[in-house]
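# Fold and contact review
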Protein chains: 6
Amino acid sequence: MRRKAARDLRSFAVTLHPNKYAEGSVLIEAGETKVLCTATIDERVPPFLKGQGKGWITAEYSMLPRATQQRNQRESIKGKPTGRTMEIQRLIGRALRSVVSLEALGERTITIDCDVLQADGGTRTTSITGGFLALALAIHKLSGTVTFNKYPLTDFLASVSVGVFHNEVVLDLNYEEDSKAKVDMNVVMTGSGTFVEVQGTGEDSPFSRSELDGMLGLAEEGILKLVEWQKETLGEAGVRIGGGTK
Amino acid sequence: MRRKAARDLRSFAVTLHPNKYAEGSVLIEAGETKVLCTATIDERVPPFLKGQGKGWITAEYSMLPRATQQRNQRESIKGKPTGRTMEIQRLIGRALRSVVSLEALGERTITIDCDVLQADGGTRTTSITGGFLALALAIHKLSGTVTFNKYPLTDFLASVSVGVFHNEVVLDLNYEEDSKAKVDMNVVMTGSGTFVEVQGTGEDSPFSRSELDGMLGLAEEGILKLVEWQKETLGEAGVRIGGGTK
Amino acid sequence: MRRKAARDLRSFAVTLHPNKYAEGSVLIEAGETKVLCTATIDERVPPFLKGQGKGWITAEYSMLPRATQQRNQRESIKGKPTGRTMEIQRLIGRALRSVVSLEALGERTITIDCDVLQADGGTRTTSITGGFLALALAIHKLSGTVTFNKYPLTDFLASVSVGVFHNEVVLDLNYEEDSKAKVDMNVVMTGSGTFVEVQGTGEDSPFSRSELDGMLGLAEEGILKLVEWQKETLGEAGVRIGGGTK
Amino acid sequence: MRRKAARDLRSFAVTLHPNKYAEGSVLIEAGETKVLCTATIDERVPPFLKGQGKGWITAEYSMLPRATQQRNQRESIKGKPTGRTMEIQRLIGRALRSVVSLEALGERTITIDCDVLQADGGTRTTSITGGFLALALAIHKLSGTVTFNKYPLTDFLASVSVGVFHNEVVLDLNYEEDSKAKVDMNVVMTGSGTFVEVQGTGEDSPFSRSELDGMLGLAEEGILKLVEWQKETLGEAGVRIGGGTK
Amino acid sequence: MRRKAARDLRSFAVTLHPNKYAEGSVLIEAGETKVLCTATIDERVPPFLKGQGKGWITAEYSMLPRATQQRNQRESIKGKPTGRTMEIQRLIGRALRSVVSLEALGERTITIDCDVLQADGGTRTTSITGGFLALALAIHKLSGTVTFNKYPLTDFLASVSVGVFHNEVVLDLNYEEDSKAKVDMNVVMTGSGTFVEVQGTGEDSPFSRSELDGMLGLAEEGILKLVEWQKETLGEAGVRIGGGTK
Amino acid sequence: MRRKAARDLRSFAVTLHPNKYAEGSVLIEAGETKVLCTATIDERVPPFLKGQGKGWITAEYSMLPRATQQRNQRESIKGKPTGRTMEIQRLIGRALRSVVSLEALGERTITIDCDVLQADGGTRTTSITGGFLALALAIHKLSGTVTFNKYPLTDFLASVSVGVFHNEVVLDLNYEEDSKAKVDMNVVMTGSGTFVEVQGTGEDSPFSRSELDGMLGLAEEGILKLVEWQKETLGEAGVRIGGGTK
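What counts and how
Residues numbered from 1 in each chain as written. Chains lettered and ligands numbered in written order. Predicted model: local features only at pLDDT ≥ 70, side-chain atom pairs only at ≥ 80, totals over all residues. Heavy atoms only, no water. UniProt positions renumbered as here; feature names shortened; annotations may be inferred. Axes fitted to C-alpha atoms, helices over the stretch in contact; angles between N-to-C directions. Helix = DSSP H or I, 4+ residues; strand = E, 2+ residues; numbered from the N terminus. Parallel < 35°, antiparallel > 145°, perpendicular 65-115°, else oblique. Left-handed = near helix turned anticlockwise from the far one by under 90°. Contact = heavy atoms within 4.5 Å. 1 Å grid on protein atoms, 1.4 Å probe; cavity = no way out; pocket = protein on both sides within 12 Å on 5 of 7 lines; lining within 4 Å. Points joined across faces, edges and corners; volume = space filled by probe spheres on them. Nonpolar A, V, L, I, M, F, W, Y, C, P; charged D, E, K, R; others polar. Buried area = accessible area lost by both parts, 1.4 Å probe. Salt bridge = Lys/Arg side-chain N within 4 Å of Asp/Glu carboxyl O. Polar contact = N/O pair within 3.5 Å; in protein donor to acceptor, adjacent residues only side chain to side chain. Pairing = 2+ DSSP bridges. Core = buried A, V, L, I, M, F, W, Y, C linked by side-chain atoms within 4.5 Å. Buried < 20%, exposed > 50% of the residue type's maximum accessible area, 1.4 Å probe, protein only. Least-squares fit on C-alpha atoms with pLDDT ≥ 70 in both.

An unreviewed UniProt entry lists chain A under the name Ribonuclease PH, from Cohnella faecalis. Regarding chain A, the UniProt comment filed under Sequence similarities (unreviewed entry) reads as follows: "Belongs to the RNase PH family." Under the heading Catalytic activity (unreviewed entry), UniProt records this for chain A: "tRNA(n+1) + phosphate = tRNA(n) + a ribonucleoside 5'-diphosphate".

What follows is the structure in structure tokens.
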């Protein structure tokens, strides 16, 4: 298959409402990576938040055993999520909370489940971009029955990976590129262009400040495109965010 | 939604090859129940079979947390599969092994993963019917590179549930019917019309011999229809089973 | 040892009250299979039943490590009950609940522990037949201190295995027969002759409808004999069930 | 029930060979305490002993859930043996190894399972006394097929508890006495009168050197009686230990 | 390094308050063995003590992975504390409770954490001797804010190991001596000279009554020296125990 | 206590060789944070590296239960390391591997254990800075017995945290500052000034590109000071790295 240019995003697609039970759900595809994201609203909060009038957003992430080229053992059989899984779901949860006013949400929890049906690089960033859509759908649905003083969703949010591959800064790597890249960086930004997470790792080969600057710039470009696409997608679904919505 | 007649199957659909990595894969839908079945071939056998020249077929079953009306906790967080999950995956494995010649397969293991994306009754029977298709695709693919003395797949296999609901024997119950039915019975049969598993439970209300006979007859009818549909589906995909295939 | 005829039960024996602490207890022997069944009454119910005025019956099943020809590892060391154990104890619990009015029992739980001291086939069916006796003794004892509006035990209950061995339908198989049988079927029935569970498995060799009918008939005969023997056993112990008891 | 005198042992009884599969087995009763002890011979040793020409003796201990006045949760459900269980089975294993020549035994493992059917104090000491008998039966059986250069069992071994109860030193306490005793001490000795284990605990009330001396003396008396009884029991079963046996 | 005489203690040292957060803490050294002991006060009691007006003392023990010559796997990775760890921490807890009036303490829990930084024999006895000091510091600190009717600490407490090494009774063994000793005995005593725990094991070689008497005598001598040293240490820190303190 | 200026490091100290068994060990202090780092050399590699002629560096991280203001439950009792622990130890391992030539190391594993005795912010960055020292000591020791073709340690490595606190970019935050900072960023760099890891999180308040640039610059300054100090420390211990060493 012909590859995209280094500064381009992979082709994106989304199916809204693939799950008939969830309060919000999307099936998001980035290249050959496919993630099913569902949002579940629970009218309770975890013990550490009880009685504070605040809500909570949490995420869980998992890969189906054959989402990858080689089958992986299920985490239920290992007896616990792996370190990688925990790291990723903590990241998704933190990222999504950065664009939610927990006070405005009130004492309820929204759980975003990101289940990777097929993995071809960028599963954590795609989970954030898709998880945001599921969250937005769920809060929109909730706004039909609950009157918020302030709309709980405060901004858009998207994420993309970026790396240095064959001495070139490359956006949105697939699995093959990612496994050969010198640096692997994941960036999460809001729709207003501020950073929520910057995670860059150069285990096999440390990177210079100018490479870092190049990656940050390219990630910013890519994320702003994703946010535009999110706005269109949600707009067509009748969901607007922020100021004038309610 | 208007319900089907008591003696009818729910509407069935299948997507072949939804996963680009697995040796065989189908997305099967029975009414609103959706199960992703993948088959993985591993050129090894479990320790208890080593050196016997025989292969193995095993199955794993899981529901995504929001496959159901209420979200369920992930089994990786509980630390182990539940009793229900283990019971179901043992059933799927036994059922599939009944139509495979393990000697003909040779020293390799095929793992059938059945991941329920959406559950609306009959997830274990749908997993068997769909798992058979994924298995058939994988063995067909394998037959392109391996020469078998005898084709390892010896028959078709399908499964359906049947119950007594409002004093009527009903085929292929959805979740709502199942939760109100007096008896819950799952039947697995081969394409030649012999029984592989019969599991009937009347916890809330024991059932008579004549009710049992009625359920067995209706299940047989339904399974033979499913097998016809499997034959068409695989035939269109260029897969034939048994005698003349190779 | 000379084997019984194909249509006969193995020799049965029971020791009442082998345990001085339990509210009800029996040591049941079926051929060389020996199971210690104890019933424990707890004046609480599981969380999902709280405040509904209903009781609960649950069962646990375990084999001592050397109950079998080869020693098995303890499940406490494996870290969890096996799939087989969970499947069996779920079966025993469901079966016993089918002859108890949970409303009549009131908000209390009876736990039936079935510990296999020696296993020679039919441990799950023997656990049900013996577990019923322990349960009946416990409810009888309870009726000495609690006044029930309605007697909680509504019927007798017994279970037996049946299979096809050397092309003959055989009742109550021992381990050696069971491991060579073409079909393995467990049947649970009430004293009034209705079915509570029917579980037949033909992993190695599927079975025909006429074989199934033959097995069901023979199981019915065997279970009715077991129920007669239960009636005598409990009658001698001064325990009567149902209508006139209280 | 009339209690024994302070310096007496409780009534003892043993049933030889209660289990038809185990290489050695006894059901031992000390007062109302009943322990089923089985010995399993395995022709392998644990990894840390491989290739050293030495054998291994290990023990496992467990209580049935209703062995006690209040039902205890199964350790398989807790997910692991409790600290108490591990402490006891380590003690039993150490004690039994002290009278076995592991070199003489050769590269095989004997596992002693001590399953408490009913507990009324002294379950660990009774497990040692009974476990020794099961071990002796198993080694005797093994000596029928294996020629030992030296008989692996080098001495008799028994154990008893002793305590200070109402300011009196008391031998072989039952549960009620034990729970009220000021000191709880378990002593293990060989048939030649040497100490293998001395474990005394005065959590609620420390004890003086003269109380300690009194307890040690009484334990010694009790254990020597138990050893006499073991000699008779094994002698009647045709088992002799040590020098002249082979 | 020149070894101490058989009847001597190894050199002892203590650093008070090595941890700035704990209510009491010491770093104790016995020879090359180093244990960090911290005491944490929690104004709650375990469920089994709720509402009884009594407090609780509990202990946890752990070795850093490289506290020993060979690195040990962390217990968090094994998934549970080992049997040895549980045995030791139960011992430490029991020992410390023997010199605390739980009624006087009131409804609060003190947890003593004993983390072995370097192990060279005697880690459990050193943990008791050091744990006592951390406990005394914590109760002293607590007495600054809480008025006790009776001072909760009722006596001093120390512990030492003793063994038979080269046919000589030896006090306070290091790792090398311990691993070659014929008997391994741990003794815990109060400042008033009564025994709290006596645990002697002669797995490889049973011991005689006179050896036992020799060990008990030597342990008593050693412990009384340790108690003297504890009195000085606490006295210099301004902590007095018992009668006149408050 | 008077706080350092925003652009300063906290006071640093190190004790070399605090552990007599480990191949390399340091006790590192950064402000009030104290971490014991030990390096263990094992002449084996994990299964995935067998036979490739390459070595491995891995890290484990843990906090003593009372390293923090509130006592934390031990991970051995929780049954597994927390997500935070796994995230941190994966980071430490990746960081250290970036300055080691695994080919030059040969088929052996070095495990760096970082045990936090007292935590006051920056435990993960301090573990990397101290872990590097323990690793350097271990490789230096190894170079006394093994002849390397190329010295396995290829560069220095240190790490520091940086954040935005009261609208000012601040270096090396303690716990109180960290918990109030708007951004929390950890940076790992080599002695040659290239980045190994950049991890910035703005959960509560996203950060701008200019804030990010300010933090990266300050981190770089701090890390280069730490590397100077590492050079002096190792130089005084007779350890030189790279080119001319052997």
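On we go.
## What to know about the packing of helix H4 (residues 123-142) of chain A against helix H6 (residues 209-236) of chain A
Residues and elements named next belong to chain A. For the pair H4 and H6, interaxial distance at closest approach is 11 Å and the crossing angle is 30 degrees. Compared by their axis directions, H4 and H6 come out roughly parallel. At the point where H4 passes H6, the crossing takes the right-handed sense. Contacts between H4 and H6 pair Thr129, Phe132, Leu133, Ala136 and Leu137 from the former with Leu226, Trp229, Gln230 and Leu234 from the latter.

## Considerations on empty space enclosed by the protein
Following the criterion strictly, the structure yields 14 cavities of 30 Å³ or more and no others. By volume, the largest cavity amounts to about 70 Å³. Lining the largest cavity are Glu87, Ile88, Leu91, Arg94, Arg124 and Gln199 of chain B together with Glu87 and Gln199 of chain C. Among the elements that line the lining of the largest cavity, the one with the most residues is helix H2 (residues 83-97) of chain B, at four residues. Residue composition of the lining of the largest cavity, grouped by class: two nonpolar, two polar and four charged.

## Structural notes on the interface of chain D and chain E
Listed per partner, the contact involves 31 residues of chain D and 31 residues of chain E. Both sides of the chain D and chain E interface together cover about 2,800 Å² of buried area, and 53% of this is carbon and sulfur. Three residues, Phe195, Glu203 and Arg209 of chain D, lead the burial of chain D against chain E; their summed loss comes to 22% of the area buried on that side. Taken together, the connections running from chain D to chain E amount to four salt bridges. Taking the shortest distance from any N to any O, the salt bridge between Asp213 of chain E and Arg209 of chain D comes out at 3.3 Å. The interface formed by chain D and chain E contains twelve residue pairs in polar contact (both at pLDDT 80 or more). At the level of secondary structure, the elements contributing two or more residues to the side of chain D that touches chain E comprise helix H2 (83-97), strand E9 (195-201) and helix H6 (209-236) of chain D. Its residues assigned to classes, the side of chain D that touches chain E shows nine nonpolar, eleven polar and eleven charged. Judged from the five bridges that link them, E9 of chain D and strand E9 (residues 195-201) of chain E form a sheet pairing that is antiparallel.

## Details of the sheet that holds strand E2 (residues 24-30) of chain D
All names here are of chain D. Reading across the sheet, the five strands line up as E1-E2-E3-E5-E4 and stay open at both edges, with mixed pairing between neighbours. Lying at the two open borders of the sheet, with one neighbouring strand each, are strand E1 (12-16) and strand E4 (56-63). Each strand of the sheet is rotated relative to its neighbour by a mean of 20 degrees, with strand direction disregarded. Pairing between E4 and strand E5 (residues 109-118): eight bridges, direction parallel. Each residue of the ladder has a partner; that of Thr58, found in E5, is Thr111.

## Some points on the sheet that holds strand E5 (residues 109-118) of chain C
All names here are of chain C. In spatial order, the strands read E1-E2-E3-E5-E4; together these five strands make up an open sheet with mixed pairing. Strands with a single pairing partner mark the edges of an open sheet, and in this sheet they are strand E1 (12-16) and strand E4 (56-63). Direction aside, the axes of adjacent strands within the sheet are offset by 20 degrees on average. Across five bridges, the pairing between E1 and strand E2 (residues 24-30) is antiparallel.

## Some words on the UniProt feature "domain: Exoribonuclease phosphorolytic" (unreviewed entry) in chain A
All names here are of chain A. Sequence positions flagged by UniProt for "domain: Exoribonuclease phosphorolytic" (unreviewed entry) are, in local numbering, residues 9-138 and 156-221. With 30% helix and 31% strand, the stretch residues 9-138 has end C-alpha atoms that lie 27 Å from each other. Split by type, residues 156-221 is 29% helix and 42% strand. Its first and last C-alpha atoms lie 15 Å apart.

## Concerning the nonpolar core
Ranked by internal contacts, the top residues of the largest apolar core, which has 443 residues, are Phe132 of chain A, Phe132 of chain B, Phe132 of chain D, Phe132 of chain E together with Phe132 of chain F. Leave out the neighbours within four places in its chain, and Phe132 of chain D touches Leu96, Val99, Leu153, Asp155, Phe156, Leu157, Gln230, Leu234 and Ile241 of chain D.

## Some details on the relation of the copies chain B and chain A
Each copy superposes on the other: chain B lies on chain A with an RMSD of 0.0 Å after a rotation of 180 degrees and an axial shift of 0.0 Å. One copy is carried onto the other by what is essentially a two-fold rotation axis. A symmetric contact is evident, with 100% of the interface residues of chain B recurring at the interface of chain A.

## Overview of the environment of Leu234 of chain C
Examined against the element boundaries, Leu234 of chain C turns out to sit in helix H6 (residues 209-236). Taking the C-alpha atoms as reference points, Leu234 of chain C and Gly191 of chain C, separated by 43 residues in sequence, lie 14 Å from one another.

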